[in-house]
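Coordinate analysis (summary)
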Amino acid sequence: METGLIEWINSYLTERPQYVRLGNTVSDIVETSIGAPQGTVLSPFLFTLYTSDFSYRTPSCHIQKYSDDTVVAACVRGGDEEEYRRVISEFVIWSRHNGLILNTTKTKEMIVDFGRRKAHLHLPVVIEGEEIEVVQTYKYLGVHLDQKLDWSIHVNAAYRKGCTPLMTAPVQPLPGPTSDLPAPESSPVVPAPSSLLPVNETRSNNDCKKVRIGPNTSIGAEQFGHMKWTDAKKAAKDLLVAVFGRATLATHCYTGKSSNAFKDKEAKPQLEAQKVSDIIGE
């Protein structure tokens, strides 16, 4: 590297003035020469360059790094963890010698085992005198992983994250109903979650978040989050229960008319047509 570039990077990293502001109060200015300025383009590159000299890769174990996130991934057969633990130990020693402090509270170990035999005895990994916690799930680079590599946890987390804007966005006016209540034998079509808008309502003197599913109907945000939208019929049934309640559904019907099969029986009261239309649609 050219001398000028080295001097420029050295000036960029050392003797950086900084202070803390809290309201109208400002702390004294201090200088720091450790770490790298956060939020800059150059800092991640410099950190990656600084840590690039430690690498390890074999068919059974390798180190995977992304900025300041490091993973030691190993395939352990027959309970032989020698290579796995050796790589961890070498990485800890290298970090210490290069002035890097490992955050043991954020360091986790996850064991993925698809074997049918009883798992071998696994002793805890110890780093700087601290036992590393073994977890069943872990979020790595935005992906939720679990011991069985099942995508259900990640899909549920992504779904709930996608619902967050719906529950916090301002309420927009919705058009009124444009269609009549469909015949009972029609297959229900549930509105996609992206078409639902949130509304804040008050119940039992406590503010609770609600999600609007139509011009006249809303349900609790928690109920909305548990809906199974991939099954339209089940979602429609669950929405009816959430809006009207099981007791009301047992004593009312869609049309308010007697069934052709039981004309001699008195017709049940009709459910509120506008709310039913919000749920079932056209």
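All of these numbers come straight from a predicted model, not from anything done at the bench.

1. Side note on the overall build of the chain
On a plain count of helices and strands, the chain comes out with eight helices and 16 strands. In the chain, buried positions account for 24% of the 282 residues. Residue pairs in contact within the chain that sit at least 24 positions apart in sequence constitute 49% of those at least 6 positions apart. Roughly 20,300 Å² of accessible area belongs to the chain as shown, and the carbon and sulfur atoms make up 53% of that amount.

2. Notes on the packing of aromatic side chains
Going through the model one piece at a time under the given rule, you end up with four aromatic pairs. For the ring pair F54 and W94, a centre distance of 5.6 Å and an interplane angle of 40° mean the geometry is tilted. Remark: W94 occurs in helix α3 (residues 82-97) and F54 occurs in the loop between α2 (42-51) and β5 (57-58); sequence separation between them is 40 residues. The residues F54 and W94 share a single accessibility class, namely buried. Among the aromatic residues, those joined into a ring-pair cluster are F54, F91 and W94.

3. Let's talk about the confidence of the model for the chain
Close inspection of predicted coordinates is inappropriate for parts of the model with low pLDDT. On average, residues of the chain score 77 in pLDDT, and 80% of them are at 70 or above. In this model residues 176-207 is a low-confidence stretch, pLDDT under 50, and it forms 71 contacts with partners more than four residues away in sequence or in other chains.

4. A short note on helix α6 (residues 232-244)
End to end, α6 covers 18 Å across 13 residues, agreeing with the expected 18 Å (1.5 Å per residue, within 8%). Those residues of α6 that sit buried are A235, A236, L239, L240 and F244. Down the axis of α6, the smallest arc covering the buried residues is 140°, so these residues share one side. Downstream of α6 by a residue or two, G245 has a phi angle that is positive, lying close to 90°.

Rules of the game
- Each chain has its residues counted from 1, following the order in which its sequence is written.
- Reporting in this predicted model follows two pLDDT cut-offs: at least 70 for local features of residues, and 80 or more for side-chain atom pairs to be given and counted; totals over whole chains, interfaces and linings ignore these cut-offs and use all residues.
- Side-chain descriptors were evaluated using all non-hydrogen atoms of the structure, hydrogens and water having been removed beforehand.
- By the criteria applied, helices consist of DSSP H or I runs no shorter than four residues and strands consist of E runs no shorter than two, each listed in order from the N terminus.
- Per-residue accessibility, obtained with a 1.4 Å probe over protein chains only, is compared with the maximum for each type, and a residue is labelled buried under 20%, exposed over 50%, and partly exposed between these values.
- A contact between two residues is defined here by any heavy atoms of the two lying within 4.5 Å.
- Surface accessibility in these figures is a Shrake-Rupley result with a 1.4 Å probe; residues are shielded only by whichever protein chains are displayed.
- We call Phe, Tyr and Trp rings a pair once their centres come within 6.5 Å, taking the six-membered ring for Trp, and we label the pair stacked below 30 degrees between planes, edge-to-face above 60, and tilted otherwise.
- For every residue, the predictor reports its confidence as pLDDT, a number between 0 and 100.
- Expected helix span is given by 1.5 Å per residue-to-residue step, counting one fewer step than there are residues.
- Picture the helix axis, draw a direction to every C-beta atom, and the arc is the one those directions span.

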